[in-house]
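# Per-entry structural report
Spelled out, the chains give:
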Amino acid sequence: LAGFGEDNMIIFGPAAKDAKYEITVFTDIDCGYCRKLHSEIAQLNSLGVRVRYMFFPRSGPNTTSWEKAEAVWCAADRKSAFTAAKAGQPVQSKDCGPTPVTAEWELGQAFGVHGTPAIVTEHGTLIAGYLPPRELVARLDSEKRLNTAAGAASNSLQ
């Protein structure tokens, strides 16, 4: 994920330096639990979670979900189009040439993503499925504490 580049993602939340947590979510426009997660984006952001979205149309290439993802990417205001699409509204856009949808879908497959939402934490843990905001933050906090403790233990052994 580090080498993929945020310019190929749709990001909601605080700047990276100001975020308490950062997650990358492989999402499908038509996935019900993906829509639920995005409907709670304001709460996630208020809890300090920066959400980086990548497209993973579960139905694969040349499908309606794929076309919706590309329409969102080609929209003048991607964030507004993304939110509208997640609410089931049509997105108006023009063909903008190559989009990152194929590369994101292939990356998701390489990660072993089979369903959405697939949440990748900043420590590389894959969380398959939806979690309510407070439960997700508790999981992220626990992971951060474990990684901090492991790093401290590693440093004390050196």
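## Looking at the sheet that holds strand β1 (residues 10-12)
Each strand in a sheet pairs with its neighbour through backbone hydrogen bonds, running either in the same direction (parallel) or in the opposite one (antiparallel). The mixed open sheet is built from five strands, whose spatial order is β1-β3-β2-β4-β5. Pairing within the sheet leaves two strands with one partner each, and these edge strands are β1 and β5 (126-128). In this sheet, neighbouring strand axes are inclined to one another by 25° on average, regardless of whether the strands run parallel or antiparallel. Across three bridges, the pairing between strand β4 (residues 118-121) and β5 is antiparallel. Each bridged residue has a counterpart across the sheet, and for Ile119 the counterpart in β5 is Ile127.

## Regarding the environment of Glu6
Here Glu6 shows up in the segment before β1. Linking Glu6 and Tyr53, residues 47 residues apart in sequence, is a C-alpha distance of 9.3 Å. Sequence-distant contacts of Glu6, defined by excluding residues within four places in its chain, comprise Ile11, Glu22, Arg50 and Arg52. Within the structure, the side chain of Glu6 is placed 2.9 Å from the side chain of Arg52, a separation counted as a polar contact.

Conventions used here
Residues numbered from 1 in each chain as written. Predicted model: local features only at pLDDT ≥ 70, side-chain atom pairs only at ≥ 80, totals over all residues. Heavy atoms only, no water. Pairing = 2+ DSSP bridges. Helix = DSSP H or I, 4+ residues; strand = E, 2+ residues; numbered from the N terminus. Axes fitted to C-alpha atoms, helices over the stretch in contact; angles between N-to-C directions. Contact = heavy atoms within 4.5 Å. Polar contact = N/O pair within 3.5 Å; in protein donor to acceptor, adjacent residues only side chain to side chain.

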